[in-house]
Amino acid sequence: MAGAVLQNPQPEQTAGQAPGSLQQRQTKAGAVLQNPPREQQTKAEWAPRTLQQEQMLTCSRWGTPSSQGLFQDGDVIIGGLFPLHYQPPAIDHDFTQLPRYNPCTGLEYVPLQYIYAMVFALEEINHSTMLLPGIKLGYHIFDSCGRPPWALQSALSLVGGDNTSCNSTNPPDYSSGNGEEIKDRRGGQSVPMIIGGASSITSQILSTVLGPLSIPFISYLSTCPCLSDRLQYPNFFRTIPSDIYQARAVAQLVIRFNWTWVGAVVANNNYGYMAVKVFQEEIQEAGVCLAFVETLQRENIISDARRAALTIQASTARVILIFTWYTDVRELFLQLAKLNVTDRQFLASEAWSTSGDLVQNSITSKVAKGVLGVATRSSAIPGFESYLRHLHPIHHPDDEFLREFWEVEFGCSPNPPVMSDHKASLSLCNGSESLKKVQNLFTDASQLRVTYNVYLAVYAAAHALHGLLCPIKDSSENNISTCSSPKQIKATELLQHLQEVNFTTPQNETFYFQGADIPAKYDLVNWQKTPDGTLKIALIGHVDGFALHLNESAIQWITGSSRVPISVCSEICPPGTRKVSRKGEPLCCFDCIPCAAGEISNKTGSLDCERCPLELWSNAKRTACIPRQLDFLAFNETLGITLTTAAVTGVTVTTVVFVVFLHYRHTPVVRANNSELSFLLLVSIKLCFLCSLVFIGRPSVWSCQFQQAAFGISFVLCVSCLKVKTIVVLAAFRSARPGAEALIRWFGPGQQRGSVCLLTCIQIIICTIWLSLIPPVPRQDLGFQGSKVTLECAMVSVVGFCLILGYIGLLACTSLILAFFARKLPDNFNEAKLITFSMLIFCAVWVAFVPAYLSSPGKYTVAVEVFAILASSYGLLFCIFAPKCFIILLRPERNTKKYMMAR
C-alpha cells in the first residue's frame, strides 16, 4: 500500500468533500508521487508577492498558526507530523495569506491516538534511567491536515525553529548538510529529527526536501517500495514494512492452500500494479495463474466496481485477491451483494483487512465473511490505554488537540471560549466528564497497529540520539553512559546512528533498520461470523520475514466451515494420468490424459508418465509397476481348449479310420497299393495329431526339446509313407510295360519299409544332433510390451529347426512332383490323385506357416505352429482316407478288384 490507512484503511478526502461517518472521514493518504490527487497538484507553487505583502509577511510556520500544535520543551526536540484533521482551510491553496484564524477542521480520532502514542513514548523515555539519562526529550507536534503541502510547510517550520515571526530580510538558515550543528540562526530551537508521513506521497516530498539538510525522517505509515531507494531517499526511514512484503505474504497464502486459479482486483495506480507484479513474480514457479485482473479507479468507482463484480461472477476462480482502498472495496462488495455473489473467498491487503466499517456493515458482511487478510502487525503498549483514559484538559490546559477532542466528544468546552465563534455556542463542561468509560477509536487500545509503529519510531529516534550523545566512556564504570551536550548534534552523525540502531523494545522485541526498512512483520486476520450473526476480526497467525506462521484450524472460510475452498481452473491430475495443456489457455487450465500401457505416474499433477522396466508392467490404474504375468498357450484358455479339441478329434478320427481299415483289411480298397504303408501312414498321422499337444501347456526343458523332435519325426514318417506309396503307384504303372517286372521285384514290400525307415532315420539324426548341441530352452520373452511376459521355448540356434523344416519340405516337394506325374493313370481308383491333393494342401499350409510364425507375438507363435500341424494332418487324413472310407462304408459295390482295375 502506498501509504496505509490510519488505524482502519480509508480513502483520501478531497477539499470540499462533505464529511461522512467518523471512519469515512479518516484519511487514506496513499497516492503515489507519479499520480498525486488533483488537490495536491499545482497548488504548492509560490505565488508572486507585492512589496506590501512582503512587508506584512512573517516567518511563522507557513500556513500553520503557532497555536495549532502540541509542544513540550526539552533538551532535544522531536518533531511530529500527523494528519489530525480531514478538512483543510478554505484558503489552503493561497500561500500569500496565512489562515491564522481559519484552521483545519474535522477531527480524526485515530491520528489523535497516534499523537498521544508519541507523547506517551517520550514520557517513558524521559523517565528511563538507561536511555538518554539526564537528557529530557521534548516534542513539537503539528497537524498536516492530511495534505502533503501542509506537511511540507510544517516540516520546514520545525527544522527552522519555533520563532513565530521574524524580519523577512533575515530568513532562517537550514544549512546542515555539511555536518554543521542544526540550530536556528534566529535563536529558536529547531528539531534534529521528524516523525511523520501518513502517506507515501508526503514522505517522498518531505524526504526530498529535507534530504539536502540530512534531517532524518521516520514514517509510521508510508509503504511505497520506491521509498526503499537509499540513493534517492537517504534520510528516510519507516517502521512499517514495504508493500512488497505483504504481496509476497499473500502469494505464500495462495501457494500454501493450493489455489491455482486466482482473480485480482487492484487499484488503478502504482500501488495496485506493484502488488500484482510482485504477486505474479512469487507465484510463477508454483503453478498459480491469474484468471483476471480488474482495476478500480476512484473517480469511476461505481462503474468500475460494477464491471469487476460482473467479472468475478462470471469467472470460475473462487479466490479473489483485492489490493485497493477501503472505500473501493466497500463499493465492490455492494455490487457483489446486488448480484448475490456470496461464495467467493477474498484475500485482503492491509489497506482494508482491519476495516471496522466493512466488518460492521450488514450488507457487505454477507459477501465478506471468511475474508483472509494481511494486516499491519499489532502489539500491546503497557499502560497506554490507562494513559489515554486519564487524559483531561484540566491537566493539559495548553493542549489544543485535547481541547478540541473534548468538545467533539462531550459537546462542551472545558475552558471559557476566547476567540472561536463556534466555541461560544458550547456550554462549559461541569468537570465530571471522563474518558474512563468512553468507547471509541481514540480509547480503543485492543489492537494497536499503526499506533505501535509511531511508538517504535519514537524509540528508534531516542536510541539514535543515545548512541550519538551518550557513548560508553569507560567499561569500568558499569557501562554507565555519560551524555554530552545536546547542542552538539550534527545531522549527518545522527543520521548515521539512526541507520545503526539495534535495540530491544519494552515489548521485548528486537528492532533494527535494514536500509530504510524494518524486517517485515504482519498479522494474519480472518473475518469470522459470531453467534449473533455479526463479523469479528480474529488473529489466526503472523508473518515474520519470509516465514508464514498460520493456525489453519482457527480459520473460518467463506463456507462457514474449516474446509479449505478449492479454486482451480482444472482439477489436479490424479495418479495414473498426466497433464496436457489446453491450446490458447493459461498453464493452469489443462486436461488429464491417462498414461499409456506400460507407463505410470504415482503422484498427483504429473507432467509426464514414466515407463516401467522390461520385467515390470503398469497396473490397471497406471499408478505402479508390477511384475508381468507369465503367459503361455495353456490348456485351460479358449485358444488352448480349441486346439486341444481339434487335436483330440484328429486322433479320434484317425483311430476310427484305422479300425475301419483294420476291419476291411482284406478288401481291394485296403489291399491296393500296400496296406502296410496305409496303416503306417495312419499311425504317423495320429502321431502328428498327438505331437501338437506337446506344444500346449507351460514350457519346460523336456517339453521344449521333445516337441520339435516329435513334430519333425512324425511328419517325416508321414511324408515318407506318402512318397513310397507314390513310387509304388508309378512302379505299378510302369510294370505293365515290357521288361518292367524287375522294377517291381527290386521295390517290393521290404524295400518299401526300408525306404520309410531310412528317410525317417535321417530326420532322427538331425534332431539328435540339434538337441544335443543347442537345444531349445524355456525363456521369458520381454520384447513384447504388454502386461504379460511370454514364456516360450526359445531356439538358441534356428539352424536345427530350419534343417528339420527343410528336410520335411524336401520330402513333401518330392512326393508332390512324383504324385503329379502319376495323377493321370488310367485306373478308376488312382491313389496318386489323392496324394497330389494332400501334398498340395500340406505344402500350402507350411508355406503360409513361415510368415505367420515369424509375425505372431507371444504365445500366438506357438498357436500358429500347432494350427499348421493340425491343418496339415487333417489335410492328409481327409484327402487320402476319406474317399476310401466312403467306398468301404457307403459304396461297397465299388470295393471290387474289377471296378478298381477298370479304365
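As a starting point, this report considers the structure included with it. (Residues numbered from 1 in each chain as written. Predicted model: local features only at pLDDT ≥ 70, side-chain atom pairs only at ≥ 80, totals over all residues. Heavy atoms only, no water.)

1. Brief notes about the sheet that holds strand S18 (residues 521-529)
Then, number 1: If you walk across this open sheet you meet the eight strands as S10-S9-S11-S12-S13-S18-S19-S20, and the pairing is mixed. The outermost strands of the open sheet, each flanked by one partner alone, are strand S10 (289-296) and strand S20 (547-550). Averaged over all neighbouring strand pairs, the angle between strand axes comes to 25°, with direction disregarded.
Then, number 2: Strand contacts of helix H5 (residues 243-256): strand S9 (261-267), strand S11 (319-323), strand S12 (345-348), strand S13 (372-376), S18, strand S19 (535-544) and S20, with the helix running at about 60° to S20, the strand carrying the most contacts. (Pairing = 2+ DSSP bridges. Helix = DSSP H or I, 4+ residues; strand = E, 2+ residues; numbered from the N terminus. Axes fitted to C-alpha atoms, helices over the stretch in contact; angles between N-to-C directions. Contact = heavy atoms within 4.5 Å.)

2. Considerations on the sheet that holds strand S29 (residues 788-794)
Then, number 1: Taken in spatial order, the three strands line up as S27-S29-S28 in an open sheet, and their pairing is mixed. The open sheet has two edge strands with one neighbour each: strand S27 (629-631) and strand S28 (777-781). Within the sheet, the average angular offset between the axes of one strand and its neighbour, ignoring direction, is 35°.
Then, number 2: As paired elements, S27 and S29 share three bridges and run parallel to each other. If you follow Asp-631 over to S29, its bridge partner there is Thr-790.

3. Describing the state of the cysteines
Then, number 1: Under the definition given, this model contains nine disulfides.
Then, number 2: Shown here is the disulfide that connects Cys-224 with Cys-226, its sulfur atoms set 2.4 Å apart. A torsion of 130° about the S-S bond marks the disulfide between Cys-224 and Cys-226 as right-handed.
Then, number 3: One disulfide in the model links Cys-573 with Cys-592; its S-S distance is 2.1 Å. With the S-S bond torsion at -95°, the cross-link from Cys-573 to Cys-592 turns out left-handed. One end of the pair, Cys-573, is in the loop between S20 and strand S21 (577-581); the other, Cys-592, is in strand S22 (residues 590-594), with 19 residues separating them in the sequence.
Then, number 4: Cys-843 provides the cysteine sulfur closest to Cys-813, a residue in no disulfide bond, and the two sulfurs are 4.7 Å apart. (Disulfide = S-S within 2.5 Å.)

4. Side note on the environment of Ala-852
Then, number 1: Within the element layout of this structure, Ala-852 appears in helix H23 (residues 831-855).
Then, number 2: Judged by its relative accessible area of 27%, Ala-852 falls in the partly exposed class.
Then, number 3: Between the C-alpha atoms of Ala-852 and Val-864, which are 12 residues apart in sequence, the distance is 6.8 Å. (Buried < 20%, exposed > 50% of the residue type's maximum accessible area, 1.4 Å probe, protein only.)

5. Topic: the nonpolar core
Then, number 1: Core analysis: the biggest nonpolar cluster contains 75 residues, and Tyr-116, Met-118, Ile-141, Tyr-220, Phe-405 and Phe-442 have the highest contact counts within it.
Then, number 2: Mapped onto this core, the elements with two or more residues apiece are strand S2 (76-82), helix H2 (109-126), strand S5 (137-143), strand S6 (193-195), helix H11 (384-389), helix H12 (400-410), helix H14 (450-469) and helix H15 (491-499).
Then, number 3: Element by element, the count of residues in this core is highest for H14, at 15 residues.
Then, number 4: For Ile-141, the contacting residues outside a window of four places in its chain are Gly-69, Leu-70, Gly-80, Phe-82, Ile-115, Met-118, Val-119 and Phe-401.
Then, number 5: Leu-677, Phe-679, Ile-835 and Val-845 belong to the second-largest nonpolar core, a separate cluster that totals 69 residues. (Core = buried A, V, L, I, M, F, W, Y, C linked by side-chain atoms within 4.5 Å.)

6. Considerations on the packing of H23 against helix H24 (residues 860-890)
Then, number 1: For the pair H23 and H24, the least separation of the axes is 9 Å and the interaxial angle reads 170°. Classified by the angle between their axes, H23 and H24 sit roughly antiparallel to one another.
Then, number 2: The residue makeup of the contact of H23 with H24, split by class, is 18 nonpolar, four polar and three charged. (Parallel < 35°, antiparallel > 145°, perpendicular 65-115°, else oblique. Nonpolar A, V, L, I, M, F, W, Y, C, P; charged D, E, K, R; others polar.)

7. Details of the side chain of Gln-246
Then, number 1: Tracing the chain through its elements places Gln-246 in helix H5.
Then, number 2: The exposure class assigned to Gln-246 is buried, which follows from its relative accessible area of 0%.
Then, number 3: Here the side chain of Gln-246 touches Asp-243 through a polar contact of 2.9 Å, side chain to side chain. (Polar contact = N/O pair within 3.5 Å; in protein donor to acceptor, adjacent residues only side chain to side chain.)

8. Regarding the pairing of S18
Put simply, side chains in a regular strand alternate between the two faces of the sheet.
Then, number 1: Across the nine residues of S18, seven count as buried, placing the element largely inside the fold.
Then, number 2: Relative to S18, S13 is paired through five bridges, and the arrangement is antiparallel. By the bridge assignment for S18, Leu-372 is matched with Asn-526.
Then, number 3: Sheet topology note: the S18/S19 ladder contains nine bridges and is antiparallel. The residue bridging Leu-524 from the neighbouring strand is Gly-541, located in S19.
Then, number 4: Hairpin connection of S18 to S19: five residues between the antiparallel strands, including Gly-533 at a positive phi of 95°.

9. Describing helix H3 (residues 148-160)
Then, number 1: The terminal C-alpha atoms of H3 lie 18 Å apart, and with 13 residues this matches the ideal 18 Å at 1.5 Å per residue to within 8%.
Then, number 2: Judged by how many residues are buried, H3 sits mostly within the fold: 12 of 13 residues are covered.
Then, number 3: Taken together, the buried positions of H3 are Pro-148, Pro-149, Trp-150, Ala-151, Gln-153, Ser-154, Ala-155, Leu-156, Ser-157, Leu-158, Val-159 and Gly-160.
Then, number 4: Residues of H3 that are buried sit in contact with S2, S5, S6 and helix H4 (200-210). (Expected span 1.5 Å × (residues − 1).)

10. Concerning the packing of helix H16 (residues 638-663) against H24
Then, number 1: Between H16 and H24, whose axes approach to 10 Å, the crossing angle comes to 25°. Accordingly, the angle class assigned to the pair H16 and H24 is roughly parallel. Like other packed secondary-structure pairs, H16 and H24 cross with a definite hand, here left-handed. Here H16 contributes Leu-639, Leu-643, Ala-646, Ala-647, Thr-649, Gly-650, Val-653, Thr-654, Val-657, Val-660 and Phe-661 to the contact with H24, which in turn contributes Tyr-860, Ala-863, Val-866, Leu-870, Tyr-874, Leu-877, Phe-881, Lys-884, Cys-885, Ile-888 and Leu-889.
Then, number 2: A per-class count over the contact of H16 with H24 returns 18 nonpolar, three polar and one charged. (Left-handed = near helix turned anticlockwise from the far one by under 90°.)

11. Some words on unusual backbone geometry
Then, number 1: Phi is positive for Cys-145, which is not a glycine, with a value near 60°.
Then, number 2: Positionally, Cys-145 belongs in the loop between S5 and H3.
Then, number 3: Since its relative accessible area comes to 2%, Cys-145 is described here as buried.
Then, number 4: A positive phi angle, close to 60°, is found at Asn-340, a residue other than glycine.
Then, number 5: Classification of Asn-340 as exposed rests on a relative accessible area of 60%.

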